[in-house]
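# Summary of the model geometry
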Amino acid sequence: MTSRPKFFDAVNAALIGIISILCILPMLLVLMVSFTDEASIKQFGYQLFPSELSLDAYKLLLFGSTPLYRSYMISIIVTVVGTILAVTITSMAGYTLAAKHIRYRNGLGLFFFITMVFNTGLVPWYLINLNLGMNNTIWALIIPSLVFNPFNLFLVRNYMSQIPPSLTEAAKIDGASDFYIAFRIYFPLCMPVLATITLFYGIAYWNNWFNAIMLVDNEKLYPLQYLLFKLNSEISMIQQMQSSGAILGTQTLPQESVKMATAILTIGPVVLFYPFLQRYFIKGLLIGSLKE
Amino acid sequence: MKKSRFGFLREIRSNGSAYLLVVPAAIYTLVFGYFTLPYMLIAFQKFNFKTGLFNSAWVGFDNFKFFFSSPRAWEVTFNTLKLNFLFIIVGTLAAMALAILFNELRSRWFSRITQSTILFPHFLSWVIVSYIIYSLLSTDYGILNRVLAFFHIDPVNWYASPQYWTWILTTAAVWKDLGMNLVIYLAAITGIDDSYYEAGRIDGATRWQLIRHITIPLMLPTISILTLLALGKIMYGSFDMIYAIVKDNGLLYPTVDVIDTYVFRSLRTIGNPAQAMAVGLYQSVVGFILVWGSNKIVKKVNPDHALF
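Residues numbered from 1 in each chain as written. Chains lettered and ligands numbered in written order. Predicted model: local features only at pLDDT ≥ 70, side-chain atom pairs only at ≥ 80, totals over all residues. Heavy atoms only, no water.

## Some points on the overall build of chain B
Rules: Put simply, DSSP H or I for four residues or longer makes a helix, DSSP E for two residues or longer makes a strand, and each gets a number counted from the N terminus. Our radius of gyration looks at C-alpha atoms and nothing else; its globule reference is 2.2 Å times the residue count to the power 0.38. For the exposure calls, accessible area comes from a 1.4 Å probe over protein chains only, and a residue counts as buried if that area is under 20% of its type's maximum, exposed if over 50%, partly exposed in between. We call two residues in contact whenever any of their non-hydrogen atoms come within 4.5 Å of each other.
A tally of regular secondary structure across chain B gives 14 helices and two strands. Relative to the compact-globule value of 19 Å for 308 residues, chain B shows a C-alpha radius of gyration of 25 Å, a clear excess of over 25%. Counting the 308 residues in chain B, one finds 52% classified as buried. For chain B, long-range pairs separated by at least 24 residues make up 65% of all intrachain contacts whose partners lie at least 6 apart in sequence.

## Comments concerning empty space enclosed by the protein
Residues and elements named next belong to chain A. Selection rule: Definitions used throughout: a 1 Å grid over protein atoms alone; a cavity as a set of points that fits a 1.4 Å probe which cannot get out; a pocket as an open set with protein on both sides within 12 Å along at least five of seven lines; a lining residue as one with an atom within 4 Å of a point. Grid points are joined across faces, edges and corners, and a volume is the space filled by probe spheres set on the points. Amino acids outside the nonpolar list (Ala, Val, Leu, Ile, Met, Phe, Trp, Tyr, Cys, Pro) and the charged list (Asp, Glu, Lys, Arg) are all regarded as polar, and Gly is one of them.
For the structure shown, the criterion picks out two cavities of 30 Å³ or more. Around the largest cavity sit Ser-75, Val-78, Thr-79, Leu-141, Leu-146, Tyr-205, Trp-206, Asn-208 and Pro-223, which together line it. Elements represented by at least two residues in the lining of the largest cavity include exactly helix H4 (68-98) and helix H10 (191-207). Looking at which element gives the most residues to the lining of the largest cavity, the answer is H4, with three residues. Classifying every residue of the lining of the largest cavity gives six nonpolar, three polar and no charged.

## Things to note about the environment of A:Thr83
Residue and element names in this part refer to chain A. Inspection of the secondary structure assignment puts Thr-83 in helix H4. Each C-alpha atom of the pair Thr-83 and Ile-197 lies 9.0 Å from the other, and the pair is 114 residues apart in sequence. Setting aside anything within four residues of it in sequence, one finds Thr-83 in contact with Val-78, Thr-198, Tyr-201, Gly-202 and Tyr-205.

## What to know about the interface of chain A and chain B
The condition is simple: By definition, the buried area sums, over both parts, the 1.4 Å-probe accessible area that each loses when the two are put together. The term salt bridge refers to a side-chain nitrogen of Lys or Arg lying within 4 Å of a carboxyl oxygen of Asp or Glu. The definition of a polar contact used here is a pair of N or O atoms within 3.5 Å, where within protein one atom must be able to donate a hydrogen and the other to accept one, and adjacent residues in sequence count solely through side-chain atom pairs.
Between chain A and chain B, the contact holds 98 residues from the first and 82 residues from the second. Taken over both partners, the interface formed by chain A and chain B buries close to 8,100 Å², and the fraction arising from carbon and sulfur atoms is 75%. By the criterion of area lost to chain B, the three top residues of chain A are A:Ile16, A:Cys23 and A:Tyr46, representing 8% of everything that side buries. Measuring nitrogen to oxygen at the nearest pair gives 3.5 Å for the salt bridge that ties A:Asp217 to B:Arg268. Our count for the contact surface shared by chain A and chain B stands at 22 residue pairs in polar contact (both at pLDDT 80 or more). It is helix H1 (residues 6-34) of chain A that contributes the most residues to the side of chain A that touches chain B, 16 residues altogether. Tallied by class, residues from the side of chain A that touches chain B come to 69 nonpolar, 20 polar and nine charged.

## Quick notes on the environment of A:Ile185
Residues and elements named next belong to chain A. The topology assignment puts Ile-185 in helix H9 (residues 178-189). In the structure, Ile-185 is positioned 180 residues away from Pro-5 in sequence and 52 Å away in space, judged by C-alpha atoms. What Ile-185 contacts, discounting residues up to four positions off in sequence, is Leu-167, Ala-171 and Tyr-180.

## Quick look at the nonpolar core
Put simply, the test is: Nine residue types can take part in a nonpolar core, namely buried Ala, Val, Leu, Ile, Met, Phe, Trp, Tyr and Cys, and a core is a set of them joined through side-chain atoms within 4.5 Å.
Residues A:Tyr95, A:Met214 and B:Trp165 are the most contacted members of the largest nonpolar core, which totals 186 residues. Considering each element in turn, this core owes the most residues, 13 residues, to helix H8 (residues 165-190) of chain B. If we ignore the near neighbours within four places in the chain, the residues touching A:Met214 are A:Leu122, A:Trp125, A:Tyr126, B:Phe264, B:Leu267 and B:Arg268.

## Examining the side chain of B:Ser284
For B:Ser284, the position within the fold is in helix H14 (residues 273-301). In this structure B:Ser284 touches A:Asn119, A:Thr120, B:Met40 and B:Tyr236, once residues within four positions along its chain are discounted.

## Regarding H8(B)
Think of an α-helix as 3.6 residues a turn; residues three or four steps apart then line up on the same face. Residue and element names in this part refer to chain B. Condition: Every helix has an expected span of 1.5 Å times one less than the residues it contains. To get the bend at a given residue, fit one axis to the seven residues ending there, fit another to the seven starting there, and take the angle between those axes.
Taking 1.5 Å per residue as the helical rise, H8 with its 26 residues ought to reach 38 Å, and the 36 Å between its terminal C-alpha atoms agrees with that figure. The sharpest bend along H8 measures roughly 50° and falls at Leu-178. In terms of burial, H8 is a largely internal element, 21 of the 26 residues being buried.

## Considering unusual backbone geometry
One non-glycine residue, A:Ser145, lies in the positive phi region at around 70°. Tracing the sequence through the fold places A:Ser145 in the loop between helix H6 (122-131) and helix H7 (150-160). With a phi close to 60°, B:His152 is a non-glycine residue in the positive phi region. For B:His152, the position within the fold is in the loop between helix H7 (143-150) and H8.

## Re a nonpolar patch on the surface
What counts is decided by this rule: Patch definition: residues with relative accessible area over 30% and no salt bridge; like charges joined within 9 Å; nonpolar side chains (Val, Leu, Ile, Met, Phe, Trp, Tyr) joined within 5 Å. Using a 1.4 Å probe, accessible areas were evaluated by the Shrake-Rupley method; residue-level cover was limited to the displayed protein chains.
A contiguous nonpolar patch, built from A:Leu110, A:Phe113, A:Ile114, A:Met116, A:Val117, A:Phe118, A:Phe151, B:Leu37, B:Phe288 and B:Trp292 and spanning about 930 Å² of accessible area, is present on the exposed surface. Looking at the nonpolar patch, the elements that each hand over two or more residues are helix H5 (105-117) of chain A together with H14 of chain B. Per-element tally for the nonpolar patch: the top contributor is H5(A), with five residues. By the element assignment, B:Trp292 lies in helix H14.

Put into structure tokens, the structure is as follows:
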């Protein structure tokens, strides 16, 4: 055993500490700005330690007549319904692709794999959605690109392939159908990978604004991320809120802090579920990258 | 032939319910994957929404000529390749170096806590990241200009200065994916057999020698596979990221407008799907050649590291 140089360890830990702080500090800045008094922003700019704190932005967003609640509802509905559908579709297909008694499972695997390698791009995707009548419906936020992802399918398949086929055979002898085997035997055994894809799909739904910018013009259907996108690019969105300025008893609207407060409310659920997210995310990456 | 058809029917009859389970995913893939193929043909049409795919007039390569005769063609292609190369190279080097540092870390809880914070940005949408960048760089209120003022340096109008944006976007991309890459590379390092290190230590290797001659070479398969996968998307310029951050700010186009944002504007702002498709087709073809070519090179150097 060589003695470890203490100096190197200390420098190493300090370096990693600094990097990890840099990864989270910018988000803290957004958080602090959302609590800053508007006049103070006008005077000192955005500050990590605001000169004057204020809850005006949150008061306005939560009690004023803003589109926040509606967009929140849209995002929650889309994420919940979408994730349930996506996980069901993916895990069912994963079972068939993994079951050793299915003769055409490799052919089916190839059928899905080809679309992963060859991508026709934005325009065909857009046109097919128009033809299906997806635009300006809530389905536009749920189905295209999001409800099924072949990468997740292969993640599930690889995990399920490790289940010994003797289990299926025994169940078959007892007269169980493939539906029964999939839902009652395979899925409960595959909870870790199902949790992982739930998380992958859930995050993809929550953070998606691409479908909205492509297929939704109706303000009533804006998901939270797209509302946020619009808030920063279109001053009119904020001016619409002007009417509810009365709630604060002030003439000027806390524009800057309202933007940042909306951003904070948007990542709220991510922070709330973070311990879960992180655990299953790492697990999923390892399942995905260690497969042979 | 007859026998195989009989085999097919019997397979469906005996395992029908298993095939039923795959139907939703298969329909989805058929519609959003295979059925999109014919639409690529509109690149050769004077397409309009009324006449559709079947009745629009054919115009040969006119749409391509329009794109390639404009100076923007070279600009967006160059920007796409430039940004993606930087994202891949800087991102890989940063994550690799960080993974090696993490591997030397002794304290378990410190490693876990710092990993959590480094992973956090990965879960943010690019819209949120655009707010973060705005809060740092905004001309009026941004924190960076205040810091510059503190050091008596003139403030910079960041959103009107394209020369800085190559590196601003690279920093943002690396920052966001650092945690994810760290987890993958750290797993690759943990997977290295301890006996290599023991043998090295017996021979009197220093810590740096162990890293250079054992850790780095044994990380190469993981690195080359991830890099190849990334190269496959090199013509696709992360629309999500660039459009969220830059939007329609024409001042920044010279350094950050990429093929994806160009296609988006042709389709949605200008409203010319045929033209957008021509650019998209060019994008897919060049992209495919690049993956295929780089895979071939990797295969020649070391067959084990190739993707296919």
